[in-house]
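If you want the building blocks of each chain, they are given just below.
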Amino acid sequence: LQGEVDRMERLSLVGQMAASITHEIRNPLAVIRGFVQLLNERSPAEQKTYFHIVLEELDRTNSIINDFLSLAQNRIIEKEPSNLNELLNDLLPLIWADANMRGQSIDLRIDENIESIPMNSKEMKQLVLNLSRNGMEAMNDKGVLRIETMNLPDVVQLRVSDNGVGIPPEKLKQLFEPFFTTKTNGTGLGLALCLSIVERHNGKIQVESTVGEGTTFIAAFNKPAAK
Ligand code: ADP
Ligand code: MG
């Protein structure tokens, strides 16, 4: 019965989200329509700017749809025992390139004793990328993004810290809600997706933040034996 209740709750949540996503996608579409209409009548220089805006808004629509789908599917995922450090190693070139482009740096702190846990590497990579990207977006060009793994007695931890703007206490509660964003170009789906990924991996996610100093997201995954 509990499974059935959860299923109903999920379905109604998806219904509410369908309403929000319609709203969210209409915004960039309206912008695109407006600028495409203007393209006709403008000088080549102006056209260049408009093309740029149109492409950005199309990308935005695309990421809203992608994130939303990953979130709504809530599918049963395949997991296999994997090492978080190895996963980070695979991702590092990508994260490093992103940081480099922003003039920021990465401080990687690996716990060599990390134990393998069951994971879906595609989802886990998405988690690391979303947290890293948020960290980078919160910092200026002197920012340092710290990515850390820790093997604790019952859990394996992933910590992503930035020395960026920080999050005011009254906003902390809303962070993981779908479509909550403070960015002009944000989708507000990144952390909602992170939460669902962590939960599908038998874990918990926490955030510690001080305005003006920075933010740390901590994802802790139960080791199979501890459950
Ligand atoms: P988006 O990045 O598209 O805005 P997210 O769900 O990833 O959506 O994040 C939601 C909001 O949480 C962000 O708009 C921002 O206000 C806040 N946030 C997330 N990560 C951080 C961080 N590392 N530092 C400061 N604020 C953050
Ligand atoms: Mg984000």
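Everything that follows concerns the structure shown earlier in this document.
Since the structure is predicted, the reported quantities are computational estimates derived from the model, not experimental observations.

What counts and how
Residues numbered from 1 in each chain as written. Chains lettered and ligands numbered in written order. Predicted model: local features only at pLDDT ≥ 70, side-chain atom pairs only at ≥ 80, totals over all residues. Helix = DSSP H or I, 4+ residues; strand = E, 2+ residues; numbered from the N terminus. Expected span 1.5 Å × (residues − 1). Buried ≥ 20, exposed ≤ 12 C-beta atoms within 10 Å, placed from the backbone. Contact = placed C-beta atoms within 7 Å. Near = placed C-beta within 6 Å. Nonpolar A, V, L, I, M, F, W, Y, C, P; charged D, E, K, R; others polar. Core = buried A, V, L, I, M, F, W, Y, C linked by C-beta atoms within 7 Å. Pairing = 2+ DSSP bridges. Axes fitted to C-alpha atoms, helices over the stretch in contact; angles between N-to-C directions. Left-handed = near helix turned anticlockwise from the far one by under 90°.

What about helix 4 (residues 121-137)?
Here helix 4 spans 24 Å end to end across 17 residues, near enough to the 24 Å set by a 1.5 Å rise per residue. For helix 4, the full list of buried residues reads Glu-123, Met-124, Leu-127, Val-128, Asn-130, Leu-131, Ser-132, Asn-134 and Gly-135. Buried residues in helix 4 make contact with helix 3 (84-101), strand 3 (117-119), strand 4 (144-151), strand 5 (155-162), helix 6 (190-200) and strand 7 (214-222).

Examining the site of ligand 1
Every one of the 21 residues lining ligand 1 counts as a neighbour, but Asn-134, Ala-138, Thr-181, Gly-186 and Gly-190 are closest to it. Listing elements by their share of the shell around ligand 1, those giving two or more residues are helix 4 and helix 6. Its residues placed into classes, the shell around ligand 1 shows eight nonpolar, eleven polar and two charged.

Considerations on the nonpolar core
The tendency in soluble globular proteins is for nonpolar side chains to be buried as a group. Counting residues in each nonpolar core, the largest one holds 31 residues, and the members touching the most others are Leu-127, Cys-194, Val-198 and Ala-219. Element by element, the count of residues in this core is highest for helix 6, at seven residues. Discounting residues that sit within four places of it in the chain, Leu-127 has contacts with Cys-194, Ile-197, Val-198 and Ala-219.

Some remarks on the pairing of strand 6 (residues 203-210)
Of the strand pairs in this sheet, strand 6 and strand 7 are connected by eight bridges, and their pairing is antiparallel. Within strand 7, the residue paired with Ile-205 across the bridge is Ala-219. Two successive antiparallel strands, strand 6 and strand 7, enclose a turn made up of three residues, where Gly-212 displays a positive phi of approximately 85 degrees.

A closer look at the environment of Leu-175
Along the chain, Leu-175 falls in the loop between helix 5 (169-172) and helix 6. A sequence separation of 144 residues divides Leu-175 from Val-31, and the C-alpha atoms of the two residues are 26 Å apart. Beyond its immediate sequence surroundings of up to four residues, Leu-175 is in contact with Phe-180, Leu-191 and Val-207.

Looking at the sheet that holds strand 6
Strands belonging to one sheet form pairs held by backbone hydrogen bonds; the direction of such a pair is parallel or antiparallel. Strand order across the open sheet formed by five strands is 2-4-5-7-6, with mixed pairing between neighbours. This sheet does not close on itself; its edge strands, each paired only once, are strand 2 (105-109) and strand 6. Across the sheet, the mean angle separating the axes of adjacent strands is 15 degrees when strand polarity is ignored.

Some details on unusual backbone geometry
Within the chain, Phe-179 stands out as a residue other than glycine whose phi angle is a positive 75 degrees. If you trace the backbone, Phe-179 turns up in the loop between helix 5 and helix 6. The class for Phe-179 is partly exposed, based on 17 C-beta atoms found within 10 Å. Backbone geometry at Asn-202 places phi at a positive 60 degrees, although glycine is not the residue there.

Section: the packing of helix 4 against helix 6
Helix packing for two helices is described by the angle between their axes and how far apart those axes are. The interhelical angle for the contact between helix 4 and helix 6, taken along N-to-C directions, is 145 degrees, at an axis separation of 9 Å. For the pair helix 4 and helix 6, the crossing hand works out as left-handed. Every residue of helix 6 that contacts helix 4 at Glu-123, Gln-126, Leu-127, Asn-130, Leu-131 and Asn-134 is listed here: Gly-190, Leu-193, Cys-194, Ile-197, Val-198 and Arg-200.

Things to note about the pairing of strand 4
It is a general feature of regular strands that their side chains alternate between the two faces of the sheet. Pairing between strand 2 and strand 4: five bridges, direction parallel. When the bridges of strand 4 are listed, Ile-106 appears paired with Leu-145. For strand 4 and strand 5, the ladder comprises six bridges, and the chain directions are antiparallel. By the bridge assignment, Ile-147 is partnered in strand 5 with Val-160.

Topic: the environment of Gln-206
Mapped onto the fold, Gln-206 is located in strand 6. On the neighbour-count criterion, Gln-206 (12 C-beta atoms within 10 Å) is exposed. Between the alpha carbons of Gln-206 and Ile-218 there is a distance of 5.1 Å; along the sequence they are twelve residues apart.

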